Amino acid sequence: MDIDGASSVVLKTLTQATSQDTAMLKPAEEQLKQWETQPGFYSVLLNIVNNHILDVNVRWLAVLYFKNGIDRYWRRVAPNALSEAEKTTLRAGLITNFNEPVNQIATQIAVLIAKVARLDCPRQWPELIPILLESVKVQDGLQQHRALLTFYHVTKTLSSKRLAEDRRLFQDLASGIYSFACSLWSHHTDCFLQQIFARDETAAMASLERTLLSLKVLRKLTVHGFQEPQQNMEVMGFLNAVFERLKQFLECCRQLGAGSTCREKLEKTIILYTKVLLDFLEGHPCAFIPLIQCSLEFAVGYVFTPVGEGVTFERFIVQCMNLIKMIVTNDAYKPANNIEESKPESLEAHKIKTAFFTQPTLREIGCRLVSHYFLLTKEELDMWEEDPESFAVEETGGDSWKYSLRPCTEVLFLDIFNNYGRTLTPVLLDMVQNLHGPTNVEDPVQLLMKDAVFNAVGLVADQLYDNVDFDQWFKNQLLGELQVSHHRYKLIRRRVIWLIGQWISVGFKSDHRPLLYEVILSLMRDPDLVVRIETATTLKLTVDDFGFQTEQFFPYLESIFGLLFQLLQQVTECNTKMQVLHVISCVIERVDVQIRPHVGCLVQYLPLLWKQSEDHNMLRCAILTTLIHLVRGLGAKSKNLYPFLLPVIQLSTDVSQPPHVYLLEDGLELWYVTLENSPAITPELLRIFQNTSALLELSSENLLTCFQIIKAYLYLSPTEFLQNYAESLCQSFCELLKDITNEGQVQVLTVVELALKVRPILGTHMFQPLLPAVLRGLVNGERYPVMMSTYFGIVGRILLQNSSFFSSLLTQMASECGQEMDQLLGSVIEMWVDRMDNITQTERKKLSSLALLSLLPSDNSVIQDKFCGIINICVECLHDVMTLDYDTNTYEDCMLKSHFEEPELSDYEDLLTEQDKRKKLLDLEDPVHSVSLQQFVYEKLKAQQTLLGDPSFSGLMETVDTELVKDLQEFLRGF
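Residues numbered from 1 in each chain as written. Predicted model: local features only at pLDDT ≥ 70, side-chain atom pairs only at ≥ 80, totals over all residues. Heavy atoms only, no water.

A short note on helix H8 (residues 141-159)
Spacing of three or four residues puts side chains on the same side of an α-helix, whose turn is 3.6 residues. Given a rise of 1.5 Å per residue, 19 residues ought to cover 27 Å, and the 27 Å separating the end C-alpha atoms of H8 matches this to within 8%. Across the 19 residues of H8, 15 count as buried, placing the element largely inside the fold. For H8, the N-terminal cap is Asp 140; the gap from its side-chain oxygen to the backbone nitrogen of Leu 142 is 3.1 Å. (Helix = DSSP H or I, 4+ residues; strand = E, 2+ residues; numbered from the N terminus. Expected span 1.5 Å × (residues − 1). Buried < 20%, exposed > 50% of the residue type's maximum accessible area, 1.4 Å probe, protein only. Polar contact = N/O pair within 3.5 Å; in protein donor to acceptor, adjacent residues only side chain to side chain.)

Some thoughts on the side chain of Glu 86
For Glu 86, the position within the fold is in helix H5 (residues 84-94). Buried within the structure, Glu 86 lacks any salt-bridge partner; Lys 87 is the closest side chain of opposite charge, at an N-O distance of 9.8 Å. Other than its neighbours up to four places away in sequence, Glu 86 contacts Pro 39, Gly 40, Phe 41, Tyr 42 and Ser 43. (Lys, Arg positive; Asp, Glu negative; His and termini not counted. Salt bridge = Lys/Arg side-chain N within 4 Å of Asp/Glu carboxyl O. Contact = heavy atoms within 4.5 Å.)

Regarding the confidence of the model for the protein chain
Per-residue confidence for the protein chain averages 92 on the pLDDT scale, and 97% of its residues sit at or above 70. With pLDDT under 50 throughout, residues 903-907 is counted as low confidence; its partners more than four residues away or in other chains account for two contacts. (pLDDT = per-residue confidence, 0-100.)

Re the packing of helix H3 (residues 41-50) against helix H4 (residues 56-73)
Two elements in contact, H3 and H4, have axes separated by 9 Å at closest approach and are oriented at 145°. Remark: the crossing between H3 and H4 carries left-handed chirality. Along the contact surface, H3 presents Tyr 42, Leu 45, Leu 46, Ile 48 and Val 49, while H4 presents Val 58, Arg 59, Ala 62, Val 63, Tyr 65, Phe 66, Gly 69 and Tyr 73. Split into classes, the residues belonging to the contact of H3 with H4 amount to eleven nonpolar, one polar and one charged. (Axes fitted to C-alpha atoms, helices over the stretch in contact; angles between N-to-C directions. Left-handed = near helix turned anticlockwise from the far one by under 90°. Nonpolar A, V, L, I, M, F, W, Y, C, P; charged D, E, K, R; others polar.)

Overview of unusual backbone geometry
Pro 122 follows Cys 121 through a cis peptide bond whose omega is 10°. On the secondary structure map, Pro 122 appears in the loop between helix H6 (103-120) and helix H7 (128-135). Residue Pro 857 is reached from Leu 856 by a cis peptide bond, and omega for that bond is -5°. By the secondary structure assignment, Pro 857 is in the loop between helix H41 (842-853) and helix H42 (861-865). A positive phi angle, near 65°, is found at Arg 199, a position not held by glycine.

A word on the pattern of salt bridges
In the structure shown here, the tally under the stated rule is 42 salt bridges. For Arg 263, the salt bridge identified is with Glu 267, shortest N-O distance 2.8 Å. Of this pair, Arg 263 and Glu 267 both sit in helix H12 (residues 263-283), four residues apart, which is roughly one turn of that helix. On the basis of relative accessible area, Glu 267 is assigned to the partly exposed category, the value being 21%. Among the salt bridges present, the one from Glu 914 reaches Lys 917, with a minimum N-O distance of 3.2 Å. Of the two residues, Glu 914 and Lys 917 both sit in helix H44 (residues 914-925), three residues apart, roughly one turn of that helix. Each of Lys 757, Arg 797, Glu 843, Lys 897, Asp 923 and Asp 926 takes part in a single network of salt bridges with overlapping partners.

With respect to the state of the cysteines
A complete count under the given rule lists zero disulfides for this structure. You can see Cys 191 has no disulfide; the closest cysteine sulfur is in Cys 252, sitting 13 Å from it. The structure places no disulfide on Cys 286, whose sulfur is separated from the nearest cysteine sulfur, that of Cys 294, by 18 Å. Given the relative accessible area of 35%, Cys 286 is considered partly exposed. (Disulfide = S-S within 2.5 Å.)

Some points on the packing of aromatic side chains
For the structure on display, the rule yields 40 aromatic pairs. For the ring pair Phe 689 and Tyr 713, a centre distance of 5.2 Å and an interplane angle of 80° mean the geometry is edge-to-face. One end of the pair, Phe 689, is in the loop between helix H31 (683-687) and helix H32 (692-698); the other, Tyr 713, is in helix H33 (residues 703-716), with 24 residues separating them in the sequence. Considered together, Phe 689 and Tyr 713 belong to a single accessibility category, that of buried residues. By way of ring pairs, the aromatic residues Phe 454, Phe 470, Trp 473, Phe 474, Trp 503 and Phe 508 are connected into one cluster. Looking at Arg 495, its charged tip hangs above the ring of Trp 498, at a distance of 4.7 Å from the centre. (Phe/Tyr/Trp six-rings, centres within 6.5 Å; stacked < 30°, edge-to-face > 60°. Lys NZ or Arg CZ within 6 Å of the ring centre and 35° of its normal.)

Structure, rendered in structure tokens:
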């Protein structure tokens, strides 16, 4: 691309690409896309970016195209990579001047330069850093700022590289420029402080911006630029200076007041100072040890003493609390259980912490956390009134403690209590004692204090187990607190029911559960929505607890479930509905079939909720979870849900539908549970299986559930299922077996094995393409034991229940291998005998015995040659399956099942899924469970004796080990 000639054309196209008219926009974007790989295109873009008289939007678009081009075409190995000559020109052009007037474009240029630096600095671009260092020294304010901005982005990018060689290069860079970076930061900081105390806020703002950028550079250099930072005096000098600078900047906050335009930028800088300390502590805990004392004095002083009054702000308090937390919990600062094995630095850090956290200091911190930071704020109380749902389900999980004051406060309290509980327990118990009895509803301060103290007791419930008799407290005080119905007392009602939830699994007698259910029933009717939502959450914790007893809960089930359903209808926010649905799911799961009389309204409501939640996939996940438990609870009666249930499964498991990304896992589980509990197949349920082909192609972590679903169809309707889907399923399996693990292959083959079990003839015919490979694997002696066991299961089924196909399979394989059929049969029997130990399941062992015995009677020389091995397997299996009836002194096959011996289904049928019942019926027809191995052995040996005659048979038996013959005679005693 000729740069001079192309500039006007590219400029025109960029102008069109900024248009709001799609007729101009689309062709321009296409043209620019075509030019991306043209030599000289990025040089043209750079000229346009550097031309400050052009339209800002055009220049903005040019720099974005340039930046994207670096990602795609700058690397030498990239397709259509830029030439080295053009890259040299571009690098030179990028750092010729730092005078971009538009802030947003200046930032993009800085990021762009950093992207190039990541790939080329220092080897191909050694001049970059020296030019930046010179440029930040110039007197021109704009050029200095732009150079410093670029310097920061380059440093940030280079520090993020993690290969050992790249880290070494960055450390070399850091050691070379650290002194300069420190002097730069110090200079701009001093300028800012002089200007702010002189009340020159305009100049101060400019200096503060430079201070912020230079501090950002220093943060990256300090944290990532030194392997042993404690050995560098400049690094440790900078870190020690941070505390003094923080105090100076906080004093500036006091002087400026809340309304100052400079205050926001000043607070950002203060937060950056704390990030330097936190990052250094996280990255270099041992190097941080000399800073522990200063850090604790500073953070505790500003957060827990009057020093911070009128100066601190929320994000700063959070950062200080995080600093304290990280010091308290850092593993590097804890001595080993055996002091002699402790590292010296761990002992030193522990000594510093122990000297600082004295009993008075801990008391002050504990009391201040609870009595000041735990108090609900006016903003939170307003939120309770104006948006109770958001207040009730406000997210406090994950990393929220790092950024938000309330979760941060609670996490710090927990960590300090975990480490210094012996000192803090009496402090907390005194606070509880001082609040004994109901509080005056006209005293909002005391109400907030009681809420805070109860919060603290709930958070450390497991630590207070030996110090608090919660059952007595529950009966003597907390029940009384819950009975105060005044609207202002809702704070305490909500906190007390939450508190009970925290103690449920720690120490709450089973005898008091009915009393608690009475309380829950009452509070589920409370006028305040937040109280009802909190009560629902405590209910979940209660029914989820190990001590939950269904019979205790059952008298309250109908009323509580009805109130839960009312709450689900009443709440409007997605998150709240999810929370209530989780409670409902938990209740259904625990009471199981006893939920059946009470779910009518919920069943009618869920389709409406599903429709309303079309744009809320996480709520739909919660609905799917509820449906899973609902189907399990309803059992066969879940068939009444099919008009709603089956379309939900269809959508959730259709990979061509975008929602499947969120819904697939729960949708598959719901599908499987529906099949498990289905009393009979329906055309719609059968049709959903069409989704499976695409699911098997995914080969994802959900593959195991897919195999469970396939097996469930085989149990539910084997003939229809195999006739409709076996061919496509076989094709999918053939593809799948090419590139999945041994465990995955076993899962595929167990499906085939089940098909042969439920429909021996049809299954063999439908999965015929897979079977030669199974026989081949058996003959070749597959080394993975579980796979070999599965091969035995499949071949055993064929041999026992479809012997004609077994013969044809042997014939086919013999032809392929160029062997005689009898020779191949001998190899099969020999491998079976040799690798029988691979079979661990008793069912497969008996199947193997029956299958090999089915070869008798026979005058085939190969079979007679392997007779000893066959008898060996049979006797070994007889030892496994025969039990001695001492009353009759006879042996019985313990694997036999009959209709007459089954217990009455009515006694426990509610505990069985429909699939469990189908499996039981299938077992009654299965030779493994319907044929006596003892009798089968006798009949086959008798038939062999008849075929050969007594002398020949006796000769055959003489090939068997004497001990085996004795065992065999013992098992056949009485025949």
